[in-house]
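Spelled out, the chains give:
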Amino acid sequence: MIDHQIRALLQKTKKVGLTSHKRPDGDAIGSVLGLGLALIDTGKEVQMVLRDGVSHTFKHLPGADLIKRAFKEECDLYIALDCSDLDRIGFTLEGRNFDLVIDHHITNEGFGIHNLVDADAVATCAILAERLPLWGFKIDTKIASVLLSGIISDSIGFRTSNTTSKSLRIAADLMDLGADISTLYNKALISRSFEAANYWGYGLERLTRQNGLVWTMLTLEDRMKAQYPGSDDADLTNILSSIEEIDIAVLFIEQSQDKVKVSWRARPGLNVAKLAADFNGGGHPAAAGAEIQGNMEEVKQKVLSSTRQYLERFESDLQSIEEGRTE
Ligand code: AMP
Ligand code: MN
Ligand code: MN
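Residues numbered from 1 in each chain as written. Chains lettered and ligands numbered in written order. Predicted model: local features only at pLDDT ≥ 70, side-chain atom pairs only at ≥ 80, totals over all residues. Heavy atoms only, no water.

A. Representation of the side chain of Thr-13 in the model. By the element assignment, Thr-13 lies in the loop between α1 (3–12) and β1 (15–19). When near neighbours in sequence (up to four residues on either side) are disregarded, Thr-13 contacts Lys-44, Asp-76 and Leu-77. (Helix = DSSP H or I, 4+ residues; strand = E, 2+ residues; numbered from the N terminus. Contact = heavy atoms within 4.5 Å.)

B. Representation of the coordination of the manganese ion (ligand 3) in the model. Every protein donor of the manganese ion (ligand 3) is listed here as Asp-27 (OD), Asp-82 (OD), His-104 (NE2) and Asp-154 (OD), and their distances to the metal cover 2.1 to 2.2 Å. Read in sequence order, the donor residues coordinating the manganese ion (ligand 3) give the pattern D-x54-D-x21-H-x49-D. The manganese ion (ligand 2) is placed at 3.7 Å from the manganese ion (ligand 3), the two being bridged by Asp-82. Note that Asp-27 is positioned in helix α2 (residues 26–41) and His-104 in the loop between β5 (100–103) and β6 (114–117), a separation of 77 residues in sequence. The burial state of Asp-27 is the same as that of His-104; both residues are buried. (Donors = N, O, S within 2.8 Å, 3.2 Å for Na, K, Ca; no water. Buried < 20%, exposed > 50% of the residue type's maximum accessible area, 1.4 Å probe, protein only.)

C. A look at the domain arrangement of the protein. Domain assignment breaks the protein into domain 1 (3–190) and domain 2 (194–324). Contacts between domain 1 and domain 2 engage 10 residues on the former and 14 residues on the latter. Across the domain 1 to domain 2 interface the summed buried area is about 1,100 Å²; carbon plus sulfur atoms make up 49%. At the boundary of domain 1 with domain 2, the tally comes to 2 salt bridges. The shortest N-O distance in the salt bridge between Glu-291 and Lys-22 comes to 3.0 Å. Between the two partners, domain 1 and domain 2, sit 5 residue pairs in polar contact (both at pLDDT 80 or more). Of the residues contributing to the side of domain 1 that touches domain 2, the split by class is 4 nonpolar, 4 polar and 2 charged. (Domains from an automatic or database assignment. Buried area = accessible area lost by both parts, 1.4 Å probe. Salt bridge = Lys/Arg side-chain N within 4 Å of Asp/Glu carboxyl O. Polar contact = N/O pair within 3.5 Å; in protein donor to acceptor, adjacent residues only side chain to side chain. Nonpolar A, V, L, I, M, F, W, Y, C, P; charged D, E, K, R; others polar.)

Written out as structure tokens, the structure is:
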């Protein structure tokens, strides 16, 4: 969908419903708030909904207290942000389709009536930072702050391989509009609750390495013992992905007796989105996830075996390319 059509769609609507994926990260929260605050500023009635609410890490963002866990009233227009498929939202619109999907996942299924998917964008917040002015909205300091927070968290502080000079320029423009990068950076990526750090400990204790593969898990019991309030990984994946000389890091986060959330992180050149897609998940080449039915042991076995196979195939493909070159 092109900018003037989105502009017309947003301008004519009175009541807008915005949402994103469950266990929302900084980009999910930032993009819902960024578009939500822009719409509120132009006099629209806006409901912002995230099934799992806002985690402690992002409670400081302007407008975070406006986000609810369910829609209270019917809207004219529903928009899903930073979400590649309907399942990940965690609830349905009772028979209605999403009118507009705005996202940057290469695995996006195009589940909206209209879809704006830019897989080159470092974050959904980066798409909004570029396009809100084209849609007739002004980016004030609050909006600039929530968008920069999303860009910082999805790019893990401009460290992911999809970070480009363009993403840095967008971030610089948001700083010029008043966003305080050092505070936002610290809140999004560095500062953690005692409970979160304690929760990491359980995962780090079980850290296992086999060749280029590193993995560990967080159980429901760990979550209880650490008194960690969320059902996410408290960003332990970022720590796993910082381990040197690793091809792929995998984290298993127990959700219930028969459901496990899996997060993959890969070094540049590999593509874990493909692996996640085999388990009905999705994501980006360097960072992907899936929610898999089964108990921890079953899921671990299946996922590790397919991840090992992928790495072996990758290595042997690489070898044949190199042999071909020397022949
Ligand atoms: P995570 O491992 O949850 O931090 O997610 C890494 C990337 O994969 C993010 O871009 C997510 O949006 C995406 N992702 C995670 N879980 C799923 C899922 N169940 N389905 C589709 N995409 C996912
Ligand atoms: Mn996200
Ligand atoms: Mn994102």
